[in-house]
Amino acid sequence: MNKEQEDVDVLEEELVENEKSLLLINDDVNTFEYVIRTLMEVCEHSREQAETCAWITHYKGKCAIKHGSFDELKPYYDAMLERHLTVKIE
């Protein structure tokens, strides 16, 4: 392996390590329609994508709704919290 390939491999590893997920956590407060509408408005999900995320969250307890760096996800995190949804960045 040459030096350039090693540098590319290191950069790719750093990108993967820096990628985070914004997780929507299930609650017993918000309605499906509210969650779906919020995902569409805040995360720019299609209706189908938002419904799928809502069902996954309901049955599995959480769902990754966005991926990116912490800095990219923070505005979405804040907006979801403002709408009283439970989210975390991992």
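Quick summary incoming for the structure in this document.

Analysis parameters
- Residues numbered from 1 in each chain as written.
- Predicted model: local features only at pLDDT ≥ 70, side-chain atom pairs only at ≥ 80, totals over all residues.
- Heavy atoms only, no water.
- Axes fitted to C-alpha atoms, helices over the stretch in contact; angles between N-to-C directions.
- Helix = DSSP H or I, 4+ residues; strand = E, 2+ residues; numbered from the N terminus.
- Parallel < 35°, antiparallel > 145°, perpendicular 65-115°, else oblique.
- Left-handed = near helix turned anticlockwise from the far one by under 90°.
- Contact = heavy atoms within 4.5 Å.
- Salt bridge = Lys/Arg side-chain N within 4 Å of Asp/Glu carboxyl O.
- Phe/Tyr/Trp six-rings, centres within 6.5 Å; stacked < 30°, edge-to-face > 60°.
- Buried < 20%, exposed > 50% of the residue type's maximum accessible area, 1.4 Å probe, protein only.
- Pairing = 2+ DSSP bridges.

Our focus in this paragraph is the packing of helix H2 (residues 32-42) against helix H3 (residues 47-60). One can describe the packing of H2 onto H3 by two numbers: an axis separation of 9 Å at closest approach and a directional angle of 130°. It follows from the interaxial angle that H2 and H3 lie oblique. Judged by the twist between their axes, the crossing of H2 over H3 is right-handed. Contact residues: H2 offers Phe-32, Glu-33, Val-35, Ile-36, Leu-39 and Met-40, while H3 offers Arg-47, Ala-50, Glu-51, Cys-53, Ala-54, Trp-55 and His-58.

Let us look at the pattern of salt bridges. Inspection of every chain in the model, using the stated rule, returns four salt bridges. Between Lys-74 and Asp-78 there is a salt bridge whose closest N-O contact spans 2.7 Å. Taken together, the positions of Lys-74 and Asp-78, both in helix H4 (residues 70-82) and four residues apart, correspond to about one turn of that helix. In this structure, a network of salt bridges that share partners links the residues Glu-33, Arg-47 and Glu-51.

Before going further, it helps to spend a moment on the packing of aromatic side chains. Applying the stated criterion across every chain, the model contains two aromatic pairs. For the ring pair Phe-32 and Trp-55, a centre distance of 4.5 Å and an interplane angle of 35° mean the geometry is tilted. With Phe-32 in helix H2 and Trp-55 in helix H3, this pair connects stretches of sequence that are 23 residues apart. Ring centres of Trp-55 and Tyr-59 lie 5.7 Å apart, and the angle between their planes is 15°; this geometry places the pair in the stacked category. Separated by four residues within a single helix, Trp-55 and Tyr-59 lie in helix H3, roughly one turn from each other. Judged by its relative accessible area of 63%, Tyr-59 falls in the exposed class. Following the ring pairs from residue to residue traces out a cluster consisting of Phe-32, Trp-55 and Tyr-59.

Next up on the list: the pairing of strand S1 (residues 20-25). By the bridge criterion, six bridges tie S1 to strand S2 (residues 62-68) in an arrangement that is antiparallel. Along S2, the bridge assignment pairs Leu-24 with Cys-63. In this structure, S1 lies alongside strand S3 (residues 86-89), joined through four bridges in antiparallel fashion. Each bridged residue has a counterpart across the sheet, and for Leu-23 the counterpart in S3 is Lys-88.

Everything listed here is a matter of coordinates, which is why it stays silent on function.
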